[in-house]
Amino acid sequence: MERQGAPLGPYRATKLWNEVTTSFRVGMPLRKHRQHLKKYNNCFTAVEAIDWLYDLLRSNSNFGPEVTRQQTIQLLRKFLKNHVIEDIKGRWGSESLDDNNQLFRFPATSPLKTFPQRHTEIKKTNTEYFSKDKDGIFKLRNLSQKTSKKRGLHFSQENTEKINHERITNEDLEISPDNQEISQEDVEEVWRYVIMIYLQTILSLPSIEELLNPNQVIPQYIMYNMANTSKHGVVILQDKSDDLPHWVLSAMKCLANWPRSNDTNNLTYVGFERDVFKTIADYFLNLPEPLLTFEYYELFVNILGLLQPHLERVAINALQLCCLLLPPPNRRKLQLLMRMISRMSQNVDMPKLHEEIGTRSLMINTFSRCVLCCAEEVDLDELLASRLVSFLMDHHQEILQVPTYLQAAVEKHLDYIKKGNVKIHGDGLVVPLPTYSYCKQISAKEFDEQKISTSQAAIAELLENIVKSKSLPLKEKRRKLKQFQKEYPLIYQKRFPTTESEAALFDDKPTIKQPMLNLRNPKLHSLRY
């Protein structure tokens, strides 16, 4: 299966399903098997299918190495339910599949899914979607006309490249010397226009309406999410009834700052942290809808197509804008959840929360469904959500910060409308498109060097966490450092270039050998004066 995955656009989850099932059907090795003294041709065991599909999913950029063997088994069960495969006797649907030597085969029918009918209103033009009524102040026109064909662009305040405005003849223009008053409704319309055209450009789509109805963009949400934040960038809610319950916030703070939380002064017990984690998980898993909401499912699934090394910056910028569309309570919950699970995954002092699964995998498997899922059951939901949550964990600080360039673009638009007052007879005001900048392309060698330096920085940070941990007993700290020195000797040597620097960490004094006794007879002095 190609690493670039299904193309961007509507019904991407269905396209990915068809891609995976086709690749599985074409690539899965078939051979002769014997079972109960009988031979079966062109079939495979469940173990063989799990092994092959597991490697396929992990090597695909849409799912990545975070895919677990259990998730692969769940997908094969969905294959069996949807008649992509059947057991050796032709049964499917209600049958089960486990990690064993049970035999399966491919049916003669096609495994591909048809695309559902889109339940949308009659498609309107961009002008109709974004324009005011005839008496309105301005109209936002031709949203889809100026879209970059390169997907490697991102937005910043530096190195901006301005897009030329539409060429309009002087005969069509009428310059008004007076400043035009702009209503709050007009301001909101500019916010909607600007964020949609940025998204359309980032995703390289001919029209953003394929994924996002303009009515789903609520300017008040965007404006609130950008204006009402704490010093850490977290949304502050005016209506506290929409916030997380106090007991959930306390539990999240407890695990995020473990074991230094101020809320854990009470005596704890063995397994305390597991019970606290279960309390948090139960709350989020019982939310009525995912944090990214059902209506934005297609939008976020499409961004998964950008989660590739050379498109990482583009994906961050796209997610940064998409998360601004969320209702403020959802955005706040997402911010606090990502901060907690990211800290827990990197915390070397965090006790093991599961007997078989590591902390990072546990965080992803537990919270993926409460972050992203479809209103109607989609067979790849779990894998897609896991991939997105993994990326959010690693880049949540950038993704969930306020993009200053968006505010600047809106202000430019409003200033143009207010001071420029360029009118077109019978067609409202012409609004200039936002400015864009393009990311600098780097060579494969530079990319590999950056990847190595980034990973080494993360390993060095892990070493510092061990060194500065005040909760680790000295014996345990020595053991961890010795293990680290064995695994990463160069990084360890850079941190502790001499034995004295290492000894200083534990306040060890170098052992001083006693001088040997002088063999010559010492002179005896009289005690008398």
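Residues numbered from 1 in each chain as written. Predicted model: local features only at pLDDT ≥ 70, side-chain atom pairs only at ≥ 80, totals over all residues. Heavy atoms only, no water.

In the annotation of an unreviewed UniProt entry, the protein chain is listed under the name DEP domain-containing protein 1B and assigned to Mus spicilegus.

1. So, the overall build of the protein chain
For the protein chain, the count of helices and strands is 18 helices and eight strands. Relative to all contacts within the protein chain whose residues are 6 or more apart in sequence, the contacts with residues 24 or more apart total 71%. Surface accessibility of the protein chain: about 30300 Å² in total, with carbon and sulfur atoms responsible for 50%. (Helix = DSSP H or I, 4+ residues; strand = E, 2+ residues; numbered from the N terminus. Contact = heavy atoms within 4.5 Å. Areas by Shrake-Rupley, 256 points an atom, 1.4 Å probe, with all protein chains shown as cover.)

2. Concerning the confidence of the model for the protein chain
For the protein chain, the average pLDDT comes to 78, and 74% of its residues sit at 70 or higher. Every residue in residues 421-438 is under pLDDT 50, and counting partners more than four places away or in other chains gives 86 contacts. (pLDDT = per-residue confidence, 0-100.)

3. Looking at the nonpolar core
Membership of the largest hydrophobic core comes to 118 residues, with the highest contact counts inside it found for I85, F284, L337, F367 and L406. No other element matches the 11 residues that helix 5 (residues 184-202) contributes to this core. When sequence neighbours within four positions are dropped, the list of residues in contact with F367 reads F277, I280, A281, F284, L337, M340 and I341. Within the second largest apolar cluster, 11 residues are counted, among which are I459, L472, F484 and Y492. (Core = buried A, V, L, I, M, F, W, Y, C linked by side-chain atoms within 4.5 Å. Buried < 20%, exposed > 50% of the residue type's maximum accessible area, 1.4 Å probe, protein only.)

4. A short note on helix 16 (residues 474-487)
Compared with the 20 Å implied by 1.5 Å per residue over 14 residues, the 20 Å span of helix 16 between its first and last C-alpha is a close match. Taken as a whole, helix 16 has its buried residues at K477, L481 and F484. Along the long axis of helix 16, the arc covered by the buried residues comes to 60°, so they all point the same way. Along helix 16, exposed side chains directed more than 90 degrees from the buried face belong to K475, K482, K486 and E487. (Expected span 1.5 Å × (residues − 1). Arc of directions from axis to C-beta.)

5. Quick word on the packing of helix 12 (residues 359-371) against helix 13 (residues 381-399)
Two elements in contact, helix 12 and helix 13, have axes whose closest approach is 8 Å; the angle formed by their N-to-C orientations is 115°. Between helix 12 and helix 13, the angle is such that the two are roughly perpendicular. Crossing handedness for the pair helix 12 and helix 13: right-handed. Along the contact surface, helix 12 presents R360, M363, I364, S368, R369 and V371, while helix 13 presents D381, E382, A385, S386, V389, S390, L392, M393 and D394. Class assignment for the residues of the contact of helix 12 with helix 13 results in seven nonpolar, three polar and five charged. (Axes fitted to C-alpha atoms, helices over the stretch in contact; angles between N-to-C directions. Parallel < 35°, antiparallel > 145°, perpendicular 65-115°, else oblique. Left-handed = near helix turned anticlockwise from the far one by under 90°. Nonpolar A, V, L, I, M, F, W, Y, C, P; charged D, E, K, R; others polar.)

6. Here we look at the environment of D415
Tracing the chain through its elements places D415 in helix 14 (residues 404-420). Sequence-wise, D415 and I182 are 233 residues apart; in three dimensions their C-alpha atoms are separated by 9.9 Å.

7. Topic: the packing of aromatic side chains
For any pair of aromatic rings, the description consists of the separation of the ring centres together with the inter-plane angle of the planes. Counting across every chain of the model gives 15 aromatic pairs. On the numbers, 5.2 Å between centres and 50° between planes, the contact of F44 with F106 is tilted. Of this pair, F44 sits in strand 2 (residues 38-45) while F106 sits in the loop between strand 4 (103-105) and helix 4 (126-130); the two residues are 62 residues apart in sequence, bridging distant segments of the chain. The pair F44 / F106 is uniform in exposure class, with both members buried. Summarising the aromatic geometry, the rings of Y492 and F496 are spaced 5.1 Å apart at their centres and angled 45° between planes, so their arrangement reads as tilted. By relative accessible area, which is 3% here, Y492 ends up buried. The exposure class assigned to F496 is buried, which follows from its relative accessible area of 6%. Put simply, the rings of W17, F24, F44, W52, F79 and F106 pair up and form one aromatic cluster. Here R495 stacks its cationic end above the ring of F496, 4.8 Å away from the centre of that ring. (Phe/Tyr/Trp six-rings, centres within 6.5 Å; stacked < 30°, edge-to-face > 60°. Lys NZ or Arg CZ within 6 Å of the ring centre and 35° of its normal.)

8. Digging into the packing of helix 11 (residues 328-346) against helix 13
The contact between helix 11 and helix 13 brings their axes to 9 Å, and the two run at 85°. The orientation of helix 11 relative to helix 13 falls into the category roughly perpendicular. The segment helix 11 lies against helix 13, with M338, R339, I341, S342 and S345 engaging V389, L392, M393 and H396. For the contact of helix 11 with helix 13, the residue count by class is five nonpolar, three polar and one charged.

9. Focus: the pairing of strand 2
With four bridges connecting them, strand 1 (residues 31-35) and strand 2 associate as antiparallel partners. Directly across from R31, in strand 2, lies its bridge partner C43. Following strand 1, the chain reverses through two residues before pairing antiparallel with strand 2; H36 in that reversal takes a positive phi of roughly 55°. Inspection of the sheet shows strand 2 paired to strand 4 by two bridges, in the antiparallel sense. Across the sheet, the residue bridging to T45 is L103, located in strand 4. (Pairing = 2+ DSSP bridges.)

10. Concerning unusual backbone geometry
For the peptide bond that leads from W258 to P259, omega is 0°, which places it in the cis range. Secondary-structure assignment places P259 in the loop between helix 7 (246-256) and helix 8 (272-285). For T293, which is not glycine, the phi torsion reads 60° and is therefore positive.

11. A few points about the pattern of salt bridges
Counted under the stated rule, the structure contains 18 salt bridges. Notably, a salt bridge pairs R479 with E476, separated by 2.6 Å at the nearest N-O pair. With R479 and E476 both in helix 16 and three residues apart, the pair spans about one turn of that helix. Several salt bridges share partner residues, and in doing so they unite D51, R69 and D99 into one network. (Salt bridge = Lys/Arg side-chain N within 4 Å of Asp/Glu carboxyl O.)

12. Some details on helix 12
Taking 1.5 Å as the rise per residue, helix 12 with 13 residues should run 18 Å; its terminal C-alpha atoms sit 18 Å apart, in good agreement. For helix 12, the complete set of buried residues consists of T359, L362, M363, I364, T366, F367, S368, C370 and V371. In the core, the buried residues of helix 12 are packed alongside helix 8, helix 11 and helix 13.

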